[in-house]
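An overview of the molecular structure
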Amino acid sequence: MADININGFVGANNVNERFYRKSGVVEPRVILNADVDLSGRLVERKGKTLFVTLAGAHSLWAGNSCMLCAAAGVLYRISQGAAVNVGTITGPMYPLSYFESDDKVYISNPYWQGIFDPTANSVTSWGVPQPPGPMLLAGSGNLPAGTYRITMTNVVSGELSGNGPISTITLAAEGGIQVLNRPTGAVVWATDSDEGIFFRVGVTSQIVDIPTTEPLPSFMCSPPPYMENLCYAFGRAWGSVENVLYYSEPFKLGWFKLAGNKFTFDSKITVVAKVTSGLFVGMKEKTVFLAGTEPDKMELSDAGAGSIMGTLAYCNNLPDLGSVLGTPEKGFVDVPVWLTVEGIVAGNVSGKLFNLTKNKIKMGIPSRGASLYRNLEGVFQYLASFTTGATG
């Protein structure tokens, strides 16, 4: 048998039957417990030390401020090799979605949501609930005769809620308006006589005059719905509920106008990935691109194959892609990478998908997976894990 001259290895390839190239480079069909480094050498994967034992743990996430995961209805912070209980998660076990903004971590799934404060090591509500509609009674005051509309907002830790239901009262003569059911701390807002803009009256149950200096900024806003596929982009919080992509008011991540601030798609959303020029929105059957940074100016175009939920990670230092990512700098930063039905892809700023495994790796198509991006002793890696799906 003739000697085989092996000069180096490249990544696994289970599509092409060829194993050995004339150049002396080997393409193994399967590589287990080893990595191929940039010089073409096979390097044995080192084992890992188990630091935390946590039965049923899921939804591991790490950002600039902390590392979190969930298990048995509890949110844990992973710190110094220990899991610290920081809050309760209600509802059935379901993967969590996260994003980080202004040193806070926003968390949600279809049954629960919250905001984790790494400094206080505690979880608070995401958004402030609205108060009830005001119960009104005519009283004494300086308001001219006319029809008035009244609403209220709550305030929690300095954060204003959206307005509650609106009530209407007509004064037949000059007078005032009494609010009979104002919750403690709630702010009253009112329109001028026969007008439509709500102005701040104050933390009071008596309306005797209406200053027209401060309009209601959170009109028709609600707390966010329970969402998946969270994303922070262009100063807004984004997330999906089935086939609807919702977004918050700019820089007000607890204010959602659910009736209008949304995009509706043909099927359940599986991925929401940001680049500097827009958003990729994946579904089971296809992935589309919303080009633009202002929702009312975004333009929709097809981007590629269907996307697999849970497999998105943002990666740095993607090698040897040339101009594919559409940006001039080297060592591309925060590139979205995820699994589609056609393989692992990277999204670029032009709204296109670059298939990183095309003609190299054939894998099953799962309904959901998990992924992470890591720097392992100077080697940057994207890791994806999923149960076996139908091979395609």
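Values in this document were obtained by computation on a predicted structure and should not be read as measured data. (Residues numbered from 1 in each chain as written. Predicted model: local features only at pLDDT ≥ 70, side-chain atom pairs only at ≥ 80, totals over all residues. Heavy atoms only, no water.)

1. Observations concerning the pattern of salt bridges
Under the counting rule described, the total for this entry stands at five salt bridges. For Lys297, the salt bridge identified is with Glu294, shortest N-O distance 3.6 Å. Take Lys297: its relative accessible area is 58%, and that puts it in the exposed class. Through salt bridges that share partners, Glu228, Lys268 and Arg368 make up one connected network. (Salt bridge = Lys/Arg side-chain N within 4 Å of Asp/Glu carboxyl O. Buried < 20%, exposed > 50% of the residue type's maximum accessible area, 1.4 Å probe, protein only.)

2. Details of the nonpolar core
By size, the foremost hydrophobic cluster in this structure holds 15 residues, and its most contacted members are Trp238, Leu245, Phe263, Phe265, Leu279, Val281 and Leu290. Of all elements in the fold, only β22 (228-233), β24 (244-249), β27 (269-275), β28 (278-283) and β29 (286-291) reach the threshold of two or more residues within this core. The element contributing the most residues to this core is β28, with three residues. Sequence-distant contacts of Leu279, defined by excluding residues within four places in its chain, comprise Cys231, Ala233, Phe234, Trp238, Ala273, Lys274, Val288, Phe289, Leu290 and Met298. Within the second largest apolar cluster, 14 residues are counted, among which are Tyr148, Ile177, Val201 and Ile207. (Core = buried A, V, L, I, M, F, W, Y, C linked by side-chain atoms within 4.5 Å. Helix = DSSP H or I, 4+ residues; strand = E, 2+ residues; numbered from the N terminus. Contact = heavy atoms within 4.5 Å.)

3. Topic: the sheet that holds strand β5 (residues 58-62)
Spatially, β5-β6-β7-β8 is the arrangement adopted by the four strands of the open sheet, whose pairing is antiparallel. Here the strands that pair on one side only, and so sit at the sheet edges, are β5 and β8 (82-88). Across this sheet, the average inter-strand angle for adjacent strands is 25°, counted without regard to direction. Examined bridge by bridge, β5 and strand β6 (residues 67-71) share three bridges and lie antiparallel to one another. Looking at the pairing, His58 lines up with Ala70 of β6. (Pairing = 2+ DSSP bridges. Axes fitted to C-alpha atoms, helices over the stretch in contact; angles between N-to-C directions.)

4. Concerning the packing of aromatic side chains
For the structure shown, the criterion picks out 12 aromatic pairs. Look at Trp238 and Tyr247: their rings are 5.0 Å apart centre to centre, the planes differ by 40°, and that puts the pair in the tilted class. Residue classification places Trp238 among the buried positions, given a relative accessible area of 0%. Given the relative accessible area of 9%, Tyr247 is considered buried. Each residue in the set Phe99, Tyr106, Trp126, Tyr232 and Phe256 is aromatic and connected to the rest through ring pairs, giving one cluster. In this arrangement the basic side chain of Lys252 is found over the ring face of Trp255, its NZ or CZ atom lying 5.1 Å from the centre. (Phe/Tyr/Trp six-rings, centres within 6.5 Å; stacked < 30°, edge-to-face > 60°. Lys NZ or Arg CZ within 6 Å of the ring centre and 35° of its normal.)

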